[in-house]
Every structure is written in C-alpha cells, then in structure tokens.
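Listed below are the residues making up each chain.
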Amino acid sequence: MGMPVSSSPSPLLELRGLSKRFGTVQALDGFGLDVQPGEFVTVVGPSGCGKSTLFNIVAGLDEPDDGGILRFKGRGCHAKELLGQVSFMPQRDLLLPWRNVVDNAILANEIEGASRREARAKALAMLPEFGLAGFETQYPHQLSGGMRQRVALMRTFLFERELMLLDEPFGALDALTRSMMQRWLLDVWQRHRRTILFITHDVDEAIFLGDRVVVMTARPGAVKLMRAVNLPRPRAPDLLTSPEFTAIKREVLDAIEEEAMKSFISGTAAPP
Amino acid sequence: MNATAAVRGAVGAVLILALWETLARGLALPAYTLPAVSQILAAVAEHRSVLQAAALVTGFEALTGYVIGALAGIGVATLLILARPLRAGALPLLLAINSVPVVAWSPLVLLWFGMGVASKIVMVALAVGFTVFLSALAGFDRVDRRSVDLMRSFGAGRFGIFWRLRLPAALPLIAAGLRVATVRSLIVAIVTEMLGAYGGLGWIIYQSVTLIDFVQVWAAILVASMLSLAFFGLVGALERRLIFWR
C-alpha cells in the first residue's frame, strides 16, 4: 500500500515554478511538484520535454534558473546542496568495467567514506534480493543487460537516501525482463520504504508502478496532468487489463497525445 | 598472442634469416653491405663479455630514464587535470617543447649533463615522459561525462572522481603509451650514446663504424633489438594482466 498522498503535512521534496533555460532552449518552465515521503511518483512525457533536466536539477547536477523554489526536507536549498543527498540512477547503468559486481554496488558508499569491508558485507547480503547471488566476483562485461541494470539498482539502493531518482531504468530491456523487473522493483521498494521519483516513456509502466503519474507538457516542460493511481498494492500483472487501469491509461494517453502532437507540429521533437 | 600466431611468427623469422644467410653467402656480399647471420652470431658469441657490459649500460640508462619519465609524465598529466587553470598555462609550452624531435635536445643535454650515463637518462626521461604524458592526458579526458555526473551525485569531489574514475579509465591508454615508450627509451639511449658516451651499445656501434668493423655493428644492433623486444614484451604482458576488462 502506498503512503497516503495528501495527508502528510510536509513533503520530502517541493518544487515550485522551476525553470531552466539552456541558451535559446527553454527546457523547463514553471514546473511544480510535491513528493511525499514514501511515495512512488512516475513522470511521463514526450521526448525532449525536459524530464532529464528536471532530474539533473533534483540530483544537484544543474542549478535551476532564479525565481523557482526548491525545497528538500522542508528546507529551501540550492540544487548543488543536493549532491550526495539523493540517490540517482541514470538511464545507462554506467558500471565501472574494472570493478566486479560487489565493488560496483558499493561505489557510492565508498565515496561517502564508509568502510569498504562493511559495505561489501552489506552488499553481499543484498545480492540474493537483487537476483545476483553467486555473481559477486563477476565483471560487468560478463553480465547480461538485465543483470547490469540490477547491479546499478543495487548501487542506488545501497546509497541509503530517502529520495531515489530513477531515470528510465528499464528502458533498454526487453519486454519480458522489463515486466519482471517492474514487479521486482515494487517488491523491493515496499520492503525498503524509500521515496521514488521515476522517469519513463512507457505509460503502462508509469501507472503500474506509481502512486501518482505526472504527465509533462512538450518543451518547455511543465505539469500537464497529475493523476493519482488508486490501485491496490501489491500489484499483479493482471492489473494491466483491469477496467480501473484502462480508465487511468486512457486519461494519461489523451494528455500525452495532445502534447506529442504539439511537439510534432512545432517540429522540435528533439532528444532530451 | 595465441600459440598458432607464435608458431607462424617463429616460422616467418626463421625463413627470413635463412633467406638472409643464403643471399649473403651466395652473392658473397662484403661485410660492410650485409654480413651473413652466422657471422653476426659468431661475433656476438666472440665479443659477448663486451656486448654484455655495453647492454648493461644501455639497459640501465633506458630503464632508469623510463621509470623517471613515466612517473613524471603521469604526474604532470595528473597535476594538469586536478588544477585546471594550470593546464591552460602549461599545456602550450609543453606541446611546443614536444614539437621538436627529442634528439634535437641531445647536444644541449650532453653539454649540461656530461658524456656519462646522466645525459642518456635525461634524454630517455624526456622522450618517455612526453609519450606517457600525452597518452595519460588523453586518457584522463576520455571519461564519460555521465559517469562524472553520477560520481558527483554521490557526493564525490574532484579528487575522488580522479581516483575512482579518471585514473582507472585512463589506464588502457596510459599502458599503451608505456608500451610504445619501451622501444623509444632504447632508441633514444642508443642514439645519444652515438653522439658521445664512455660505453653502451650506441657507443660500440659508433666505435665499430670508425674501425670499419661492420660485423660488430650488426652484433650490437642484434643485442639492442633483443633488449628492446624483451622490454616491449615484458611491459605488454604486464598490460594484458593489469587491464583485464578490455
């Protein structure tokens, strides 16, 4: 069961009127979103809608333009203060080829200054949960795409931060692996109780995973639709064909369609 | 190198040597044109103590200069990566120095460091240093922007990113530079010896030419090439062992 969406008085992350311009390109324009502790929020939108810019800001890598509000744990802050405060997983796994599975998984902990021995012990205990038992001494080039992705996810989970940013983590996987990974992620999320902000292109994935789906407008990115997903948890694959699911999907698809047409007509459907 | 390739290489070498021997003997070529392989080998055997002593001198110069140059090359590249402003100031100067063939510096280096081993070591260190410096700098720069961002998001600073990402990511290129530098180190040591020295393989080559002893020249060349091959092979083997993920 997801955490209550509206009753918590203090959101973990508050974004108000967030804008970002790169040269002549307005990537984000007045983006606003509150994320409650323990919530799973998914973000969908047409290509080039500024999703990655949004993530780079929340990860602390990019500073938003002046005028917006960025609050984390109830305190206003610069984006750069979020470096090391949120657990970020980019689209590609970015595993280091010279580190084996365990040492890749503990990279963030090592950077934090944790004892390597303790971090390794923790990672070893976590391996079975991530379907990597017995693979601890393998190197990335010896693993399949799905396994590499799980190592990257494990690295993200081991970096114990309340807020996790997942940028299309399953985008490169085949459909079957993908749906298995989705159910597995929900399982892990419910056990570890983290707050997740999740970017995806896939509407089914957004609804299946999220407590709330945020649809972004075409560039410049803003919130087009905010839709609560009041579907029971734990969620099983047959949910995908239920009338409740389909109703939400229709609503989300309509919103996306409208935005996709806009960006198609303006001919600026550039990559993010 | 796998076993088949090794066998093919050995067969090729034997064939070439046999052809060489046949030509030199069959055409009765004079020694100053091309002595027979058997003559060269005989000379190596005959003068082995002299050649061995010379090889030790040259090997010592090359190895010492190599180690100094490699450390300096990696060190300077590291410094320029960690201190960005320094890079803008120092890089053009370094590239200007490097644009002159390193041997052009030898008269000055001989003048400053004398005819002994010191000048050879300095010359080798210069040649190796630039080779390794340029490959290290290229390696440090080659990292994926997204990997740097990931490390930053984990809270890593410039030094942490260097140690955990840039340095290991640069290792394949640094190793390639180190491998190329092995051969350069011996070439530069020998050439500098030919310009003025008290010993070494280059000095023997120079002396033998003035004495019109061309078989001895070839004997010294053979020893030099054996030394060079051994060095190259050793560093290449280390490289394959260390950089297992390629």
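Throughout, a residue's number is its position along its own chain's written sequence, starting from 1. Chain A is the first chain written and ligand 1 is the first ligand written, with later ones labelled in order. Note on the predicted model: pLDDT of at least 70 is required for a residue's local features to be given, and 80 or more for side-chain atom pairs to be given and counted; whole-chain, interface and lining totals, by contrast, use all residues.

Draft legend 1. Molecular detail of the overall build of chain A. Assigned secondary structure in chain A consists of eight helices and 10 strands. With C-alpha atoms as the basis for the radius of gyration, the globule rule is written as 2.2 Å multiplied by the number of residues raised to the power 0.38. Relative to the compact-globule value of 19 Å for 272 residues, chain A shows a C-alpha radius of gyration of 18 Å, a close match. Dimensions of chain A, computed from C-alpha atoms along their principal axes, come out at roughly 50 × 45 × 40 Å. Each residue is classified by how many other C-beta atoms fall within 10 Å of its C-beta atom, where C-beta atoms are placed from the backbone; a count of 20 or more means buried, 12 or fewer means exposed, and values in between mean partly exposed. With 272 residues in all, chain A has 42% of them scored as buried. Strands here are runs of E lasting at least two residues and helices are runs of H or I lasting at least four, both read from the DSSP assignment and numbered beginning at the N terminus.

Draft legend 2. Highlighting helix α5 (residues 145-158) of chain A. Residues and elements named next belong to chain A. What a helix is expected to span follows from its residue count: subtract one and scale by 1.5 Å. Over its 14 residues, α5 extends 20 Å from the first C-alpha to the last, a length consistent with the 20 Å expected when each residue adds 1.5 Å. With respect to burial, α5 is a largely interior element, 10 of its 14 residues being buried. Within the span of α5, buried status applies to Arg148, Gln149, Arg150, Val151, Ala152, Leu153, Met154, Arg155, Thr156 and Phe157. In this description, a residue-residue contact is defined by the distance between C-beta atoms placed from the backbone, which must lie within 7 Å. Against the buried residues of α5 lie β6 (87-89), α2 (101-105), α3 (107-112), α4 (116-126), β7 (163-167) and α6 (175-192).

Draft legend 3. Molecular detail of the environment of B:Ala237. All names here are of chain B. Mapping Ala237 onto the fold places it in helix α10 (residues 214-242). With 11 C-beta atoms packed within 10 Å, Ala237 lands in the exposed category. With 58 residues separating them in the primary sequence, Ala237 and Arg179 have C-alpha atoms 9.7 Å apart.

Draft legend 4. Main features of the domain arrangement of chain A. Residues and elements named next belong to chain A. For the domains described, the bounds stem from an automatic or database domain assignment. For chain A, the domain assignment lists domain 1 (13-86 + 161-265) and domain 2 (92-160). Between the C-alpha centres of domain 1 and domain 2 the distance comes to 25 Å. Opposite the 10 residues of domain 1 that make contact, domain 2 presents nine residues. Counting residues per element, the side of domain 1 that touches domain 2 draws most heavily on α6, which supplies four residues. Split by residue class, the side of domain 1 that touches domain 2 holds seven nonpolar, two polar and one charged. Residues were grouped as follows: Ala, Val, Leu, Ile, Met, Phe, Trp, Tyr, Cys and Pro as nonpolar; Asp, Glu, Lys and Arg as charged; and all remaining residues, including Gly, as polar.

Draft legend 5. Just the nonpolar core, in detail. Residues A:Val58, A:Leu165, A:Leu197 and A:Phe198 are the most contacted members of the largest nonpolar core, which totals 76 residues. Shared between two domains, this core holds at least three residues of each, these being domain 1 (13-86 + 161-265) and domain 2 (92-160) of chain A. Each nonpolar core comprises buried Ala, Val, Leu, Ile, Met, Phe, Trp, Tyr and Cys residues, the members being joined through C-beta atoms within 7 Å. Counting 54 residues, the second largest nonpolar core, distinct from the first, contains B:Ile81, B:Val102, B:Ala170 and B:Ala181.

Draft legend 6. Just the interface of chain B and chain A, in detail. Contacts between the two partners involve 13 residues from chain B, matched on the other side by 19 residues from chain A. When residues in the side of chain B that touches chain A are grouped by element, the largest group, seven residues, is from helix α7 (residues 145-153) of chain B.

Draft legend 7. Quick look at the pairing of strand β1 (residues 13-22) of chain A. Residues and elements named next belong to chain A. DSSP calls a pair of strands paired once it identifies at least 2 bridges connecting them. Of the pairings in the sheet, the one linking β1 to strand β2 (residues 25-35) comprises seven bridges and is antiparallel in character. Residue pairing in the sheet places Arg21 in a bridge with Gln26 of β2. The antiparallel hairpin formed by β1 and β2 contains two residues in its connecting segment, where Gly23 sits at a positive phi of about 60°.

Draft legend 8. Examining the confidence of the model for chain B more closely. Residue-level pLDDT values for chain B average 92, and 99% of them are 70 or greater. Mean pLDDT per element in chain B: helix α4 (residues 84-99) of chain B is the minimum at 87, and helix α3 (residues 48-82) of chain B is the maximum at 96. Confidence of the predictor at the level of single residues is captured by pLDDT, which takes values from 0 to 100.

Draft legend 9. How the structure looks around the sheet that holds strand β3 (residues 40-44) of chain A. Residue and element names in this part refer to chain A. Read across the sheet, six strands follow the order β6-β7-β8-β3-β9-β10 without closing on themselves; strand pairing throughout is mixed. Every interior strand has two partners, whereas the edge strands, β6 and β10 (223-228), have only one. Taken pair by pair, the neighbouring strands of this sheet meet at an average axis angle of 15°, ignoring direction. As defined by bridge partners, β3 adjoins strand β8 (residues 195-199) across four bridges and the pair is classed as parallel. Pairing of Phe40 across the sheet is with Ile196, part of β8. Docked against the sheet, helix α8 (residues 243-265) engages β3, β9 (212-216) and β10, running at close to 175° with respect to β10. Every axis corresponds to a line fitted to the C-alpha atoms, with the helix fit spanning only the stretch in contact, and the corresponding angles, defined between N-to-C directions, vary from 0 to 180 degrees.

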